[in-house]
Amino acid sequence: MMSLIRWTVSLLRGKTGICGCQTRVLQVRSGSAGPGGLSVATGGSGEGAGLILQSQSTDIYQNLALEDWIEANMDLQQHSVLLLWRNRPAVVIGRHQNPWTECNLCAMREAGIPLARRRSGGGTVFHDLGNLNLTFFTSKKAYNRRRNLQVVTDALRRLQPELDVQATDRFDIMLNRQYKISGSASRLSRTSSYHHCTLLHSADHSTLSAVLRPSCSHIHSNATPSIPASVTNLLDHAPSLKWEVLLDALGDQFNKEFGFGATATLVDPADESAFPGLSRMETVLRGWDWTFGKTPKFSVRTCLDLTDDRLLAQSSAHLHMDVKNGMIETCELDVPVDWLPQWLSGELSSMLVGGRFCPHETAAAAAALLRSHGGKLQSRFHNLCETVLSVMG
């Protein structure tokens, strides 16, 4: 299988001398290559060669890195690639989005659901094993999102003629003109492009609803916001639609639309011998600096409710932060002096500046600060620290 994939990579890098003007089908067969082995086929109308890959990984970072690897290493001037992939539960934000306004980070931590930032634009999506992702790779010149979505809608109509599925001007796919079943995003480089879309087959709707809500509602930012929409699963409207049948239909329609004759090949992005350098791409995508540090600059302005359970007293404070690259640039805490001495709230503000806008790191620093301040004000200072932490999600 791995020798087959390495041959595929060599082919798509242009090392075999194959050009788009050829009309013959080049095939390499392997019993371990999945159904039908590998078929790299040229289109009959100048489309170039086509390839269908299906990732065996269900790790969001590996699959996003696989997208990056294909774009960076395959010859997309002469070849078009359809990548089919799905993930264990994960939330994926767009390149220019703010995670604190897009998803419930606290609920995600409790459920063990990771957050990933992709390199394309667009809005936030929830992935699980009931959601299929399709990525269409091609040259920048051949980039055509509407035609790609037609592959999906035509395949669905062929499988389930009673379904009313339509692509919108926003490049979503709607079911019965009411429910969103697919969203799109894309990335264009100097010469190549890719367009990926989701397809909700049987996703966990309750988890989707729980995690796709803001962590902090007091953020002011120019980050790209997601547009809320009512979603549904295909399986809710077509209970007989099997996963394997859907995959086959999408591959067949891809071939039909672009004049290819490719069969799906299983690939494992964790195999460094097949995809050299992919693990480094994956490491970047897993990192805090990419996931949170690439957030467009934002500010936090909010009122904090303060309590002193020991004395059954209440008060309020005002918090103003500026955050750039995920790091707190400025922090102002306006706390009534009859609640806490100004020097004490000022010490907390100074401690926050220069640190990550991150509850874990801030909690550790606040704990050290708390240990150095005992006495009767400690409970109020502790409450202030906890309230500030809650703003970070």
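What comes next concerns the included structure. (Residues numbered from 1 in each chain as written. Predicted model: local features only at pLDDT ≥ 70, side-chain atom pairs only at ≥ 80, totals over all residues. Heavy atoms only, no water.)

1. Topic: the layout of surface pockets
One way to see where empty space is left: roll a probe the size of a water molecule over the atoms.
Point 1. When its volume is computed, the largest pocket comes out at roughly 1000 Å³.
Point 2. Ranked by the residues each element gives to the lining of the largest pocket, the list is headed by strand β13 (residues 192-200), at four residues.
Point 3. Taken together, the residues of the lining of the largest pocket sort by class into 18 nonpolar, 17 polar and eight charged. (1 Å grid on protein atoms, 1.4 Å probe; cavity = no way out; pocket = protein on both sides within 12 Å on 5 of 7 lines; lining within 4 Å. Points joined across faces, edges and corners; volume = space filled by probe spheres on them. Helix = DSSP H or I, 4+ residues; strand = E, 2+ residues; numbered from the N terminus. Nonpolar A, V, L, I, M, F, W, Y, C, P; charged D, E, K, R; others polar.)

2. Overview of helix α11 (residues 342-352)
Point 1. Among all positions of α11, only L344, S345, L348, S349 and L352 are buried. Down the axis of α11, the buried side of the element spans an arc of 145°, and every buried residue falls inside it. Away from the buried face of α11 by more than 90 degrees, exposed residues Q342, W343 and S350 are located.
Point 2. Elements in contact with the buried residues of α11: β17 (313-324), β18 (327-334), α12 (359-371) and α13 (378-391).
Point 3. Just beyond α11, the residue with positive phi is G354, at close to 95°. (Buried < 20%, exposed > 50% of the residue type's maximum accessible area, 1.4 Å probe, protein only. Arc of directions from axis to C-beta. Contact = heavy atoms within 4.5 Å.)

3. Considering the packing of aromatic side chains
Point 1. Counting across every chain of the model gives 11 aromatic pairs.
Point 2. Here W100 and F357 contribute two aromatic rings whose centre-to-centre distance is 5.0 Å and whose plane-to-plane angle is 80°, an arrangement assigned as edge-to-face. Taken as a pair, W100 in helix α3 (residues 99-102) and F357 in the loop between α11 and α12 lie far apart in primary sequence, 257 residues in all. The same class applies to W100 as to F357, namely buried.
Point 3. With centroids separated by 5.4 Å and ring planes inclined at 55°, the aromatic side chains of F254 and F258 adopt a geometry described as tilted. Separated by four residues within a single helix, F254 and F258 lie in helix α8 (residues 243-258), roughly one turn from each other.
Point 4. What makes F258 buried here is its relative accessible area of 11%.
Point 5. Of the aromatic side chains, those joined through ring pairs into one cluster are W100, W288, F292, F298 and F357. (Phe/Tyr/Trp six-rings, centres within 6.5 Å; stacked < 30°, edge-to-face > 60°.)

4. Looking at the side chain of D308
Point 1. Along the polypeptide, D308 turns up in strand β16 (residues 298-308).
Point 2. There is a polar contact of 2.7 Å between the side chain of D308 and the side chain of R380.
Point 3. Every residue in contact with D308, bar those within four places of it in the chain, is listed here: A313, W339, S379 and R380. (Polar contact = N/O pair within 3.5 Å; in protein donor to acceptor, adjacent residues only side chain to side chain.)

5. With respect to unusual backbone geometry
Point 1. Residues other than glycine seldom take positive phi values, yet F171 does so here, at roughly 65°.
Point 2. On the secondary structure map, F171 appears in the loop between β9 (165-167) and β10 (173-175).
Point 3. Judged by its relative accessible area of 16%, F171 falls in the buried class.
Point 4. Here the phi dihedral of N325 falls at roughly 55°; this positive angle occurs in a residue that is not glycine.
Point 5. Here N325 is to be found in the loop between β17 and β18.

6. As for the nonpolar core
Point 1. If you look at the biggest cluster of nonpolar residues, it comprises 44 residues, and the most contacted ones within it are L304, M321, L348, F357, L384 and V388.
Point 2. Setting aside its immediate chain neighbours within four residues, M321 contacts F298, S299, V300, I328, T330, C331, L352, F357, V388 and M392.
Point 3. Listed in part, the 31 residues of the second largest apolar core include L175, I181, F258 and F260. (Core = buried A, V, L, I, M, F, W, Y, C linked by side-chain atoms within 4.5 Å.)

7. Here's the deal with the sheet that holds β9
Point 1. Here we have three strands laid out as an open sheet, ordered β9-β10-β11, and antiparallel in their pairing. Sheet topology places β9 and β11 (179-182) at the edges, where each strand pairs with a single neighbour. Across this sheet, the average inter-strand angle for adjacent strands is 35°, counted without regard to direction.
Point 2. Here β9 pairs with β10 via three bridges, running antiparallel. (Pairing = 2+ DSSP bridges. Axes fitted to C-alpha atoms, helices over the stretch in contact; angles between N-to-C directions.)

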